[in-house]
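# Summary of the model geometry
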Amino acid sequence: MSDVEQEASSTSSAQTKPKRPMNAYMLYLGENRARVKAANPSSSVGELTKLLAEEYKTIDEAAKKVLTDKVAAAKIRYEEEVKKFEAEGGSMKNIPKKKKEKDTPVKAKRAKKEKGNDEGAKKDNDEGAKKDNDEGGAKKEEKRQNSLAC
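Residues numbered from 1 in each chain as written. Predicted model: local features only at pLDDT ≥ 70, side-chain atom pairs only at ≥ 80, totals over all residues. Heavy atoms only, no water.

## A closer look at the packing of aromatic side chains
Each aromatic ring pair is described using two quantities: the centre-to-centre distance and the angle formed by the ring planes. Rule in force here: Two rings belonging to Phe, Tyr or Trp (six-membered ring only in the last case) form a pair when the distance between their centres is within 6.5 Å. Interplanar angles under 30 degrees mark stacking, angles over 60 mark edge-to-face geometry, and anything in between is tilted. The helix and strand labels rest on DSSP assignments: H or I over at least four residues marks a helix, E over at least two residues marks a strand, and numbering proceeds from the N terminus. Exposed residues in this analysis have more than 50% of their type's maximum accessible area, buried residues have under 20%, and partly exposed residues fall in between, with area computed by a 1.4 Å probe over protein chains only.
Using the criterion set out here, one finds two aromatic pairs in the structure. With 5.2 Å between their ring centres and 75° between their planes, Y25 and Y56 make a pair best called edge-to-face. Here Y25, found in helix 2 (residues 24–39), pairs with Y56, found in helix 3 (residues 45–58); they are 31 residues apart in sequence, far enough to count as distant. Accessibility expressed as a relative area gives 26% for Y25, which makes it partly exposed. Pairing Y28 with Y56 gives two aromatic rings, centres 5.4 Å apart and planes at 55°, and the pair type is tilted. Of this pair, Y28 sits in helix 2 while Y56 sits in helix 3, and the two are 28 residues apart along the sequence. Judged by its relative accessible area of 17%, Y56 is buried. Within the aromatic cluster, the residues linked to one another by ring pairs are Y25, Y28 and Y56.

Here it is in structure tokens:
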């Protein structure tokens, strides 16, 4: 690797946080997806994943050992990258981005419209409740009259 390439790779690693290594299952999927896709060209991504999952369940211990060895090596490399990243001033903490609050005329119109709808709905509910009470009162009175007549 030349000095320029080495400098460029160290600059990019200082700016970006190292990615966690894949587990054995994900590594298996990545290595075998092209083979299964070639055998099943009309299958969707979900169908391919199901086929690969069934294959992964049946692979022998020797093949799984090869995968777990690769994962172990990737984990060691990742831990070294994290140490280097933090030594260069990086932070591995996830800091959520703040959402920008935009106060646009469209939002103001929506808020006003929703407020108006809420008041209108309240009036309608009050009127409906009054009607229900009036009808309910009339029915109660009618039942009372019928019970007295008997």
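Moving on from the model shown.
## Notes on the layout of surface pockets
Test applied: Lining residues are defined by having an atom within 4 Å of a point belonging to a cavity or pocket. Those points lie on a 1 Å grid over the protein atoms alone, cavities being sets where a 1.4 Å probe fits but cannot get out and pockets being open sets with protein on both sides within 12 Å along at least five of seven lines. Grid points are joined across faces, edges and corners, and a volume is the space filled by probe spheres set on the points. The classification used treats Ala, Val, Leu, Ile, Met, Phe, Trp, Tyr, Cys and Pro as nonpolar, Asp, Glu, Lys and Arg as charged, and all other residues, Gly among them, as polar.
Size it by volume and the largest pocket reaches roughly 160 Å³. Lining the largest pocket are K19, R20, P21, M22, L27, K70, V71, A74, R77, Y78 and E81. Take the lining of the largest pocket: its biggest share by element is six residues, from helix 4 (residues 61–87). Class assignment of the residues belonging to the lining of the largest pocket gives a composition of six nonpolar, no polar and five charged.

## Points about the nonpolar core
We count it as follows: Definition used in this section: a nonpolar core is a set of buried Ala, Val, Leu, Ile, Met, Phe, Trp, Tyr and Cys residues joined via side-chain atoms within 4.5 Å. Any two residues whose heavy atoms approach within 4.5 Å at even a single point are treated as in contact.
Ranked by size, the top nonpolar core spans eleven residues in total: A24, L27, Y28, L29, V36, L48, L52, Y56, I59, L67 and V71. Only helix 2, helix 3 and helix 4 provide two or more residues apiece to this core. Residues in contact with L27, not counting those within four places in the same chain, are M22, L67, K70 and V71.

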